[in-house]
Amino acid sequence: RQLRFCRVRNRRSPLAPERHVSCHRSRAWTEAPLSRSCRVVVHSSCHGLSILGIPLGVVSKSGEPRYQYDEDNDMGPFFVPDTYAAKMTAAFGFTHRVEPGTKHIYHTSDTFIVASAMQQYLKAKSGRDVWAMVIEDILVPLKVSSGSWTSLRTYDTMAQPYGGMGLWFTVDDVAKIATFLSVDHGAINGVQLLEKEGLLAGLQQVPTDRGLNADNPDLTLRYNHGMWAKVYRGADVGCPQQESFYQPYLSGFGGIRIVLLNNGVTYFYFSDGGEFEMDAAVVESNKIAPLCAQMARVQ
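So, here's what we can say about the structure. (Residues numbered from 1 in each chain as written. Predicted model: local features only at pLDDT ≥ 70, side-chain atom pairs only at ≥ 80, totals over all residues. Heavy atoms only, no water.)

Moving on, we get to the nonpolar core. The biggest cluster of nonpolar side chains holds 25 residues, and the ones touching the most others in it are L139, L142, I177, L181, M227, I258 and L260. Those elements that provide at least two residues to this core are α5 (130–142), α6 (171–182), β13 (256–260) and β14 (265–270). A total of seven residues in this core trace back to one element, the largest contributor, which is α6. In terms of nonpolar packing, the next biggest core, distinct from the first, is built from 21 residues, L261, Y269, M278 and A281 among them. (Core = buried A, V, L, I, M, F, W, Y, C linked by side-chain atoms within 4.5 Å. Buried < 20%, exposed > 50% of the residue type's maximum accessible area, 1.4 Å probe, protein only. Helix = DSSP H or I, 4+ residues; strand = E, 2+ residues; numbered from the N terminus.)

Turning next to the side chain of Q160. Structurally, Q160 is set in the loop between α5 and α6. Note on Q160: relative accessible area 1%, which makes it buried. A polar side-chain atom of Q160 sits 3.3 Å from the main-chain carbonyl oxygen of A115. The residues touching Q160, leaving out its near neighbours within four places in the chain, are Y84, F112, A115, S116, Q119, L152, R153 and T154. (Polar contact = N/O pair within 3.5 Å; in protein donor to acceptor, adjacent residues only side chain to side chain. Contact = heavy atoms within 4.5 Å.)

Right, let's get into the packing of α5 against α6. It is at 10 Å that the axes of α5 and α6 come closest, and there the two elements cross at 115°. On the basis of the axis angle, α5 is roughly perpendicular to α6. The handedness of the crossing between α5 and α6 comes out as right-handed. Every residue of α6 that contacts α5 at I138, L139 and L142 is listed here: K176, I177 and F180. Here the residues of the contact of α5 with α6 are counted per class, giving five nonpolar, no polar and one charged. (Axes fitted to C-alpha atoms, helices over the stretch in contact; angles between N-to-C directions. Parallel < 35°, antiparallel > 145°, perpendicular 65-115°, else oblique. Left-handed = near helix turned anticlockwise from the far one by under 90°. Nonpolar A, V, L, I, M, F, W, Y, C, P; charged D, E, K, R; others polar.)

Within the element layout of this structure, Q247 appears in strand β12 (residues 244–252). Among the polar contacts listed, one links the side chain of Q247 to the backbone oxygen of L260, at a separation of 3.0 Å. If we skip the residues at most four places from it in the chain, Q247 touches W228, A229, K230, Y232, V259, L260, L261, N262, M278 and V282.

Turning next to the environment of G198. Within the secondary structure layout, G198 lies in helix α7 (residues 196–202). Taking the C-alpha atoms as reference, G198 lies 9.1 Å from D209; in sequence the two are 11 residues apart.

Moving on, we get to the packing of aromatic side chains. Here the structure, examined in full by the defined rule, presents nine aromatic pairs. Between F78 and F112 the ring centres are 5.6 Å apart and the planes differ by 70°, which places this aromatic pair in the edge-to-face class. Within this pair, whereas F78 is found in helix α2 (residues 76–79), its partner F112 is found in helix α4 (residues 108–126), the two being separated by 34 residues in sequence. A relative accessible area of 3% means that F78 is categorised as buried. On the basis of relative accessibility, which here comes to 0%, the residue F112 falls in the buried class. (Phe/Tyr/Trp six-rings, centres within 6.5 Å; stacked < 30°, edge-to-face > 60°.)

Before going further, it helps to spend a moment on the pairing of β12. Here β12 lies mainly inside the structure; nine of its nine residues are buried. Burial along β12 is two-sided: S244, Y246, P248, L250 and G252 facing one way and F245, Q247, Y249 and S251 facing the other are all buried. Direction of pairing for strand β11 (residues 227–233) relative to β12: antiparallel, over a ladder of six bridges. Residue pairing in the sheet places V231 in a bridge with Y246 of β12. Sheet topology places β12 next to β13; four bridges connect them, and they run antiparallel. Bridged to L250 within β13 is I258. Counted between consecutive antiparallel strands, the loop separating β12 from β13 contains three residues, among which G254 sits at a positive phi close to 90°. (Pairing = 2+ DSSP bridges.)

Next up on the list: the pairing of β14. Judged by how many residues are buried, β14 sits mostly within the fold: six of six residues are covered. Where β13 hands over to β14, the hairpin turn is made up of four residues, of which G264 adopts a positive phi near 90°.

Let us look at unusual backbone geometry. The phi dihedral of K143 falls on the positive side, at around 65°, and the residue is not glycine. Among the secondary structure elements, K143 is positioned in the loop between α5 and α6. Judged by relative accessible area, K143 falls into the exposed class, the value being 56%. Despite not being glycine, A159 shows a phi value in the positive range, around 45°. Here A159 shows up in the loop between α5 and α6.

On to the pattern of salt bridges. Within the structure shown, the criterion is met by seven salt bridges. Across the salt bridge formed by E284 and K287, the nearest N and O atoms sit 3.0 Å from each other. With E284 and K287 both in helix α8 (residues 279–288), this residue pair falls three residues apart, about one helical turn. (Salt bridge = Lys/Arg side-chain N within 4 Å of Asp/Glu carboxyl O.)

Structure, rendered in structure tokens:
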């Protein structure tokens, strides 16, 4: 596996603005065109992507309050089977329950439940497959690579997309998708494709909707609409005039992090070593583009 450090820069002309991503491997630079404007700093070893999870009323098997406990200890019955029935049984096998939307315990299986509900609803309404819809309506217009069009599915007649895991993206793909979310706010060529209010809430741009506390009893992590947010002190990132702010990011198993900074910079890396470092990248991004004025302030 080869680590790569990449950046996206704009090349503008009066006739045709052009965006490129430059990647450093050993000492050789390569370039690949991008379709949209963004700035990206990349540290990547390019593994599968798993970034979603939805807080439902299904909480845990043990009653353990830590948000990551089940994902670290009790998920074998969900991850190992490859049939829809077995996965769905495991997904609903958590016996400690609360009202939906009141407590956050992370489960990849929750996303499988949501993906299944979306699949059944969409097929009943239009006959379309939910992942085919994502490909046709979002990935193709974004011009991501055709390798990202595949999703792991259950190995049976249901062929249910997993939802919370089982996707593959190149560095260029991740740059485009990150820009689509954090800069273009779910729009392509002026057409709004994602529900904007929920996306902005996930990006911590809606002060009245910060999501759930994700690390009880501390308040340093929030979770909202499939996105994480970490609280930083302004002084720690070069913004002493601000007490603290929320920094949204996406996170995946093993060491996957996509940090969607409010100054238009995206920092991301994929690894399999359990590394989730982002603090230094947040600080450095303030040197690329002003971060302080764009912060989502803690209220």
